[in-house]
Every structure is written in structure tokens, then in C-alpha cells.
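Here are the chains, one letter per residue:
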Amino acid sequence: MPILTPCAAIGEALAEEMHRDPTVLVFGEGVATKRHELVSEFGATRVRNTPLAEGITAGTAAGAGATGLRPVIDLLFAPVLCYAMDELINSAGKLRFISGGQFSFPLVTLAMTGGGWGVGAQHNHNNEAWFVHSPGLKVIMPSSAADFKGLLKSAIRDDNAVLFFIDLALLHEPGEVPDGEHVVPLGKARILRPGADVTLLSYGKTVPSCLAAAEQLAAAGIGAEVIDLRSLKPLDESAILASVHKTGRLVVVHEAARMAGVGAEIAAQVAEKAFTRLRAPIVRLGGPDAPAAASFPLEQAFAPDAAAIFAAARSICGHASPLQALPLGSAAPGNGGQAHL
Amino acid sequence: MRELGVVLTSTIVGGEMSLATGVALSQKMLGRPGIVACFFGDGAACEGVFHESLNLAAVWELPILYVCENNQWQAFVHRRETMTGEHIADRGAAYGIDSATVDGNDVLAVQHAALEASAQVCGSGRPFLLETWTCRSRGHFEPDDQAYVDPTEHSAWLARDPIARSRQRLADNGRLPHADAAALDQRLRQRIATALAFAEASPFPTLDELSTDVYA
């Protein structure tokens, strides 16, 4: 199987979809400069640089999407999405409803985010939950090179506006990408590792940390099921509930702030729909309610690492009987020989 | 609205200017005939997206006829408080976009200017900025008593009401005698009354429509 970086996988997805469908075009600041291979293959009208004007870039994509084109726009860094909020939220997200279904808005917005490059709070802000909270939009955040390609191809074919978040730390991490046509449906989570004792649910750069934690948990006799959400909206509710039904324990992990983050929504849904199956309190691990720091160690502290995930999972696996919620780090309940399972 | 050729709008002032570039890009890339006309006001011309839209339309050579209805009032603020200079058309030069200002209260003058401008957009494939110099006759919303508007200035504008002026002109040149105009008025009032009665007799939407057409 070919080994590609997510950056290259994105390039393949763009090229394949532009080849398949002549209405697909890509524009953004530096797109034509950086992806010159696309310019050579598809010409300067379908691969365009734009002014540093993210509002008009997103609005142009919305208007073009509604009238026959399938634009992919690159807005570079997630905090820059602030400049494009009216166009994405009020136009692309709402005009289908407002027009009584007369128009749809097939467009994909690429934005990088997350720690790893020390770019600071105004270039690194995991704001994906903002868009999950906005109607009419879909939100994707892959963790593997194969998914970057397969999910981007699906996003381009989707008739809705899709926010496609690119975790900076993963962009140049090589991974296997299947040969030939590789399409991953939106809205489907993936079980990366089965386990019976605790569910580790994550997306983006904390997925590999969950896998590493699962290894450590296995050594401690705890079977962790690791699920990569991939799509934050639509959320794969059935995959989440099925896993929690099996394990009875849930740790949700993301780099974005815990406060009103995607993890909060998942925890709420699980509490509403699988309360009686829970054997321990749900744990949310996430970043602080603070701007991302540029300093390397402070930036790294935003994303829960394998040690933190291991500790959280192990701690709730100490609670074997239903609903014996105790604060993290407190003594295991006196429930016989299940103190650590 | 789609079958009438009206594609997209936004109730966020200026939002339509960001959509127009996309519609024009489709027009151009898909080889469809015709141009895109984008209507906005002097208030929208104070939004950042006005500048972004004109700049991109000029750089990408998009066939857009920008029509700015400069009606003096931006919600509850007179344009004198929000911009220097009187004319939005002057800003076209900054982007290399040809522009013109026309008496917005003269229907024939507006028609003539619009035909000329759209012919230029059609011929050149490039944007044009047409400003219609006018004033709104009613307030920003209903019922807005416009107590904040200078009554002298307002009545001077009302005296130049474009519909009344057209009607007088049509009567003067014999194209539409006053009696015929009154009959036309009556027909239109009847049509509005019928539409209103239809709306009032129609049931409210059902709750399932809340989630209809949110996603494709």
C-alpha cells in the first residue's frame, strides 16, 4: 500500500475529484502557488490564488456552489475562519433552509489547526465545535492519511457545506493510503481497536495518543476500545452508543477546549441514551479554556497525551459497579476484586 | 425566486455582495450567457465585503453589474455620518472599475443607465458600478415613524417620487392617461388583496418543516 503524508493525500483527493468532475475547482491564498501540479493538470481557471480576503473567498464559494460549481477553498488557519463566518454560517449554512430547498451549497473549506508548529493562539484554535453548533454544515477532522484522502473525496461529492479541519501535527506524518479509488463516507466513526472494558473516543491528533494509551491499558489488564470519530457532524451516534453499551465506560479526548466542546455533546448524548449502561462516570479530556500558547511545552499541554488518557481510563475502570461516581484520583470503591478493572 | 432569475440574497447587509462573485464565477466558468446584477445600498458599501467583492470581481474579471441604491440612510444613520464624499460610484476607480451615477428617482434615466452599463459588462466581461441617487420614502422597518429624519429633506425627496414622476410623464406624453393609471392602480391593489387573503387563509407550517431543507 502506498505511503503518503496527509498533505499528499489531500493533493491526490483534489486531483482525482477534479479529474472526475469538471465542476470541481479549488481556490485560496497560495493554493495555486503551492499546488502547482494541480495548476499544470487543470489550468489556472480551476486552481486559483485569492487575495487575503477570507470573507469574499468563502462567499464566492457559497455563490458558486449554489449555481453549479463544487468549490474547495483553503482558508489556511482555523482562527482565520472568523473572517468568513457570515459567509459560512449565515449564507452556506442557512440559505438552503431560507430558500425552501431551492439552493444547495456544495463546498469544502479546508483549515489547519492544533498544536505542533508553535504558531500561537491566532493561528491555532481548535474551533471545530463552533461549526458543529451551526445548522446546515458538516464538520470533518481526520486522523490518518487514508482518511484525509477518503473523507475529502466524500466531502467534495457532498451537496452540503463541509468544514474540513486539518490537524497541523498530522499534516506531514506518513501513513498507508489504499491504492485506487478510496472514498470514506461522512458520518461514520471507525473502531481502530476493539476492547470490552472502556471506550476511548477521539478525533484528530489525540487518536494516536488513545492507541498508545490502549497499549498501556492492555498491559495493565484493561481492554480499551479506541474509536476515531472522523466526522463531528453528522456524529456517528450508533457507533458511540454501541461501544458504550459494550464497555460501560467512556473517555472522550480532544485537543479543543473541554468547555462546550464536542466531548460535552457526546457525554450528554451518552448520559441521555445509555445512562443505565454506564458503569462509571464519563470522563472528558481536553484543552483548557485559554488561548493556545506559542511556547512549545505550553502548546503541547493542550492535547491530552497517552499518559493522561491511560490514567483517566484506569481510574474509571476502578469503578466496576454502576454509578459509583467518585472524583478522579480518589480511592477505588470497595467492590471486591475489581479495583483495577 | 429561482425561476425568475433571482439567485440568492442575504439579510445580513452586504452578504449579497460576497455571493455575487460566486454566481458570476459559475456564469463565467460554465459558459452561461448573461451577467449578474447585484443590488445593495450605501450601508452595504460601508461593510468590508464591499471592498473585497469589488476587488475580486476586478481581479478575476467577473461579469457583475453592481447596483448601489444610495438612499441616504443606513438603517438609522444618515450616510453623512458614516462616509466621506457623497458618491459610492467614486470608489470604483480604486479597483479599476468603471462607474456612473444616475438620478435614481427618474425611471427612464435609470433604465437607460442600466442598459448602457449591462451592455458594457456583457461586452467587456468585467464589472461595472452603477449608483442610483435616491432616498428611501419609508423607514428602515415597519412601523418606523422616521422621527429621526429631517422633515424638510424628506419632503423634498418625496416630491420627487419616481412613480409619481413616471405617471405624470406618461400622462403628459399620452402613453397612459390618468384614468387608465387609476384603473391599473385598482388592478394592482386587487392583486395584492388577493395575495394577502391567500396568505391569511393558508395554514401555518407544521413542525416537521423545521428540519426540512436544512441539509441536502
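Residues numbered from 1 in each chain as written. Chains lettered and ligands numbered in written order. Predicted model: local features only at pLDDT ≥ 70, side-chain atom pairs only at ≥ 80, totals over all residues.

(A) Highlighting the overall build of chain B. Each helix and strand in chain B was counted, giving six helices and six strands. Across chain B, helices and strands are ordered from the amino to the carboxyl terminus as α-β-α-β-β-β-β-α-β-α-α-α. For the C-alpha atoms alone, the extent of chain B along its principal axes is close to 50 × 50 × 40 Å. Counting the 216 residues in chain B, one finds 29% classified as buried. (Helix = DSSP H or I, 4+ residues; strand = E, 2+ residues; numbered from the N terminus. Buried ≥ 20, exposed ≤ 12 C-beta atoms within 10 Å, placed from the backbone.)

(B) Up close: the overall build of chain A. Regarding its fold elements, chain A presents 13 helices and 14 strands. Taking 2.2 N^0.38 as the reference for a compact globule, 341 residues should give roughly 20 Å; the C-alpha atoms of chain A span a radius of gyration of 21 Å, in line with that estimate. With respect to the principal axes defined by its C-alpha atoms, chain A has extents near 70 × 45 × 40 Å. A fraction of 77% describes how many contacts in chain A between residues 6 or more apart in sequence connect residues 24 or more apart. (Rg over C-alpha atoms; globule rule 2.2 N^0.38 Å. Contact = placed C-beta atoms within 7 Å.)

(C) Molecular detail of the interface of chain B and chain A. Counting from both sides, the interface comprises 27 residues of chain B and, opposite them, 31 residues of chain A. Secondary structure elements with two or more residues in the side of chain B that touches chain A: helix H1 (15-29) and helix H2 (48-59) of chain B. With ten residues, the single largest contributor to the side of chain B that touches chain A is H1 of chain B. Partitioning the side of chain B that touches chain A into residue classes produces 15 nonpolar, nine polar and three charged. (Nonpolar A, V, L, I, M, F, W, Y, C, P; charged D, E, K, R; others polar.)

(D) Spotlight on the confidence of the model for chain B. Per-residue confidence for chain B gives a mean pLDDT of 96, with 100% of residues at or over 70. The complex prediction reports pTM at 0.93, with the ipTM value standing at 0.94. (pLDDT = per-residue confidence, 0-100.)

(E) Spatial organisation of the domain arrangement of chain A. Residue and element names in this part refer to chain A. When its domains are assigned, chain A resolves into domain 1 (3-176) and domain 2 (190-317). Residue assignment for the side of domain 1 that touches domain 2 shows that the elements contributing at least two residues are helix H7 (128-132), strand S6 (137-140) and helix H8 (145-157). The dominant element in the side of domain 1 that touches domain 2, judged by the number of residues it contributes, is S6, at four residues. Partitioned by chemical class, the residues of the side of domain 1 that touches domain 2 number twelve nonpolar, eight polar and four charged. (Domains from an automatic or database assignment.)

(F) Summary view of the sheet that holds strand S2 (residues 64-70) of chain B. Residue and element names in this part refer to chain B. Pairing is parallel across the open sheet formed by four strands, whose spatial order is S1-S2-S6-S5. With partners counted over all chains shown, the strands left at the sheet margins are strand S1 (36-41) and strand S5 (98-103), one partner each. On average, each strand axis in the sheet is inclined to that of its neighbour by 20 degrees, with strand direction left out of account. The pairing of S5 with strand S6 (residues 128-133) spans six bridges and is parallel. Bridging from a neighbouring strand, aspartate 98 pairs with phenylalanine 128 of S6. Along the sheet, H1 contacts S1 and S2; its crossing angle with S1, the most-contacted strand, is approximately 175 degrees. (Pairing = 2+ DSSP bridges. Axes fitted to C-alpha atoms, helices over the stretch in contact; angles between N-to-C directions.)

(G) Fine view of helix H6 (residues 178-201) of chain B. Between its first and last C-alpha, H6 of chain B extends 34 Å over 24 residues, near the 34 Å set by a 1.5 Å rise per residue. Of all 24 residues making up H6 of chain B, only zero are buried, and the element is barely covered by its neighbours. (Expected span 1.5 Å × (residues − 1).)

(H) Structural view of the domain arrangement of chain B. For chain B, the assigned domains read domain 1 (2-172) and domain 2 (176-203). The gap between the C-alpha centroids of domain 1 of chain B and domain 2 of chain B is 28 Å.

(I) Here's a closer look at the packing of H1 of chain B against H2 of chain B. Residue and element names in this part refer to chain B. Where H1 contacts H2, the axes come no closer than 8 Å and their chain directions differ by 20 degrees. When the axis of H1 is compared with that of H2, the two are roughly parallel. Pair H1 / H2 crosses with left-handed handedness. Residue-level inspection shows Met17, Ser18, Ala20, Thr21 and Ala24 of H1 in contact with H2, the latter providing Val49, Phe50, Ser53, Leu56 and Ala57. The class makeup of the residues in the contact of H1 with H2 is seven nonpolar, three polar and no charged. (Parallel < 35°, antiparallel > 145°, perpendicular 65-115°, else oblique. Left-handed = near helix turned anticlockwise from the far one by under 90°.)

(J) Local environment of the nonpolar core. If you look at the biggest cluster of nonpolar residues, it comprises 136 residues, and the most contacted ones within it are Leu200, Val251 and Ala313 of chain A together with Ile64 of chain B. Per-element tally for this core: the top contributor is H8 of chain A, with seven residues. Once you skip the residues sitting within four places of it in the chain, valine 251 of chain A turns out to touch Val198, Leu200, Val283, Leu285, Ile309, Ala312 and Ala313 of chain A. (Core = buried A, V, L, I, M, F, W, Y, C linked by C-beta atoms within 7 Å.)

(K) Up close: the environment of glycine 114 of chain A. All names here are of chain A. Summarising the element assignment, glycine 114 is placed in the loop between strand S5 (107-113) and H7. Between the C-alpha atom of glycine 114 and that of asparagine 124, which follows or precedes it by ten residues, the distance is 5.3 Å. Look past the residues within four positions of glycine 114 in its chain and what remains in contact with it is Asn124, Asn126, Asp167, Leu168, Ala169, Gly204, Lys205 and Glu255.

(L) A look at the sheet that holds strand S7 (residues 161-167) of chain A. Residue and element names in this part refer to chain A. Pairing is mixed in the open sheet, where seven strands are placed in the order S3-S2-S4-S5-S7-S6-S12. Edge strands, defined here as strands with exactly one partner in the open sheet, are strand S3 (47-49) and strand S12 (231-233). The mean inter-strand angle of the sheet, taken between neighbouring strand axes irrespective of direction, is 20 degrees. Both S5 and S7 contribute to a ladder of seven bridges, which runs parallel. In the sheet register, valine 108 faces S7, and the bridge partner there is valine 162.

(M) Main features of the environment of leucine 107 of chain A. Residues and elements named next belong to chain A. Structurally, leucine 107 is set in strand S5. Sequence separation of leucine 107 and glycine 150 is 43 residues, and the distance between their C-alpha atoms is 16 Å. Non-local contacts of leucine 107, meaning those with residues more than four positions away in its chain, are made with Ala61, Ala62, Gly65, Pro71, Ile73, Ala92 and Ala161.

(N) Representation of unusual backbone geometry within the structure. Across the junction of lysine 233 of chain A and proline 234 of chain A, the peptide omega takes the value 0 degrees, indicating a cis bond. In this model, glutamate 142 of chain B is joined to proline 143 of chain B through a cis peptide bond whose omega is -5 degrees. Within the secondary structure layout, proline 143 of chain B lies in the loop between S6 and helix H4 (151-158). Phi angles above zero are rare outside glycine, and leucine 8 of chain B is one such case at about 65 degrees. You can see leucine 8 of chain B is positioned in the segment before H1. A tally of 26 C-beta atoms within 10 Å means that leucine 8 of chain B is categorised as buried.

(O) Geometry of the confidence of the model for chain A. Per-residue pLDDT for chain A has a mean of 93; in total, 93% of the residues score no lower than 70. pLDDT under 50 marks residues 319-341 of chain A. Its contacts with residues more than four places away, or in other chains, come to 32 contacts.

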